[in-house]
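Residues per chain are reported as follows:
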Amino acid sequence: MIRSLKNRLGFHPRAILDSLLTYPRFLGKIKPRLLAATEAEALAYYQVLTKGWETAFLRAPIGRRLLVLAAHPDDESIGAGGLLLAHRGKCEIHLVNLFNGEGGGRLGQEKPADTPEYRAALASERRKEFEEAARRIGAASLRYLNLVDGQTLPNENDALRLKDLVSSVRPDVVLLPWYLDNQRDHRVTNILYAWGCRDLNCQILGFELWTPLHPNAVFDITDWIDEKARLIGLYRTQNESIDYAGYAKGLAAFRAFLCPIRPGRDGAAEAFFSLPNREYCDLVLSLYGPPGRLNPVMRPLLGFTHREP
């Protein structure tokens, strides 16, 4: 019947329902749960801009011990792979993987299955990919928080566990997805870090993955862009569905043009939002809430629906 109506009308009947839930076509569908966070996020973006002094051009080494908080296996390579490759052999590089990765990608050409067995197999394969990427980068250590993709909500226990892992490295620089990156686990990573690690003495470099940032620091990765693409290519489970290497190359060229690292605005660059640790954590806390108390406006964006005790 649906097929008959589609042939007769020339469009799928569901389009009628979609049109009722849609502003004029160029605006897209209404997502009421996102509207509640608009004002808070707009203020957060404004705070980013006020911190955006003249862009610094970073040079290796930027520290003696670098620690990358990869929300998922591959975040470290896509977001900061060029910088990490440039620091290989010049300083200690440490990696912490927070979420297991069972929620994204696929095993070969096999259609993803939402079963415990498939998710476990996917997480296992992504860990192997992460370990191989760490070997290519020359990482001195790997640590895991073993959180479940898309389901782990911010809590003080995990914040303290993360603090223990970070403190054991004593990093000069911490790299992580920036705090407004539009992926819920990336945001949870920032919340856990700010809840547990505000008092540490280090510098933060927030990198972009799903949402462009307003950079105040860039790093020239022209000499490493091809190797970065190969590094990303190690994540076969991810590249089965999305050309992440192509995306990273395009973004790097875009950044090199906007933040000219070379006379002809060519080459490749990675962009970061950089602040001293306490100042960065204060921005995170101002948006998402203090330790143990999520901002009610932001809770729905993280899948938090029940009331706090």
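If you're wondering where the values come from, they're calculated on a predicted model, not measured in any experiment.

Quick notes on the side chain of S77
Part 1 of the reasoning: As for its placement among the helices and strands, S77 is situated in helix α5 (residues 75-87).
Part 2 of the reasoning: Residues contacting S77, with those up to four places away along its chain left out, are A133, K228, L231, I232 and Y235.

A closer look at the nonpolar core
Part 1 of the reasoning: Within the largest apolar cluster, 49 residues are counted, with the highest numbers of intra-cluster contacts made by L69, L98, L162, Y179, Y193 and Y280.
Part 2 of the reasoning: Discounting residues that sit within four places of it in the chain, Y193 has contacts with L69, L162, V166, V174, L176, R198, L200, C202, I204, N277 and C281.

Structural notes on the packing of aromatic side chains
Part 1 of the reasoning: Inspection of the entire model under this criterion finds five aromatic pairs.
Part 2 of the reasoning: Judged by centre distance (6.2 Å) and plane angle (80°), the ring pair of W178 and Y179 falls under edge-to-face. Across this residue pair, the class does not change: W178 and Y179 are buried.
Part 3 of the reasoning: Residues F273 and Y280 carry aromatic rings whose centres are separated by 6.3 Å and whose planes lie at 45° to one another, so their mutual orientation is tilted.
Part 4 of the reasoning: Here a set of aromatic residues connected by ring pairs shows up, and it is made of W178, Y179, F273 and Y280.
Part 5 of the reasoning: The residue whose ring lies beneath R127 is Y144, and the NZ or CZ to ring-centre distance is 3.7 Å.

Looking at unusual backbone geometry
Part 1 of the reasoning: Following A60, the chain continues into P61 via a peptide bond in cis, with omega recorded as 0°.
Part 2 of the reasoning: Topologically, P61 is positioned in the loop between β1 (56-58) and β2 (65-70).
Part 3 of the reasoning: Positive phi is not limited to glycine here, since D74 has a value of about 115°.
Part 4 of the reasoning: With respect to the helices and strands, the residue D74 is situated in the loop between β2 and α5.
Part 5 of the reasoning: The phi dihedral of R265 is positive, around 55°, even though this residue is not glycine.
Part 6 of the reasoning: Locating R265 in the fold gives a position in the loop between α11 (244-258) and β8 (269-276).

Some words on the pattern of salt bridges
Part 1 of the reasoning: One pass over the structure, following the stated rule, counts 16 salt bridges.
Part 2 of the reasoning: Of the charged contacts, one joins D199 and R198 as a salt bridge, the two residues approaching to 3.7 Å between their closest N and O atoms.
Part 3 of the reasoning: For D199, a relative accessible area of 57% puts it in the exposed group.
Part 4 of the reasoning: Its salt-bridge partner being R262, residue D220 comes within 3.1 Å of it at the nearest N-O pair. Taken together, the residues span a long stretch of sequence, with D220 in strand β7 (residues 217-220) and R262 in the loop between α11 and β8 at a distance of 42 residues.

About the criteria used
- Residues numbered from 1 in each chain as written.
- Predicted model: local features only at pLDDT ≥ 70, side-chain atom pairs only at ≥ 80, totals over all residues.
- Heavy atoms only, no water.
- Helix = DSSP H or I, 4+ residues; strand = E, 2+ residues; numbered from the N terminus.
- Contact = heavy atoms within 4.5 Å.
- Core = buried A, V, L, I, M, F, W, Y, C linked by side-chain atoms within 4.5 Å.
- Buried < 20%, exposed > 50% of the residue type's maximum accessible area, 1.4 Å probe, protein only.
- Phe/Tyr/Trp six-rings, centres within 6.5 Å; stacked < 30°, edge-to-face > 60°.
- Lys NZ or Arg CZ within 6 Å of the ring centre and 35° of its normal.
- Salt bridge = Lys/Arg side-chain N within 4 Å of Asp/Glu carboxyl O.

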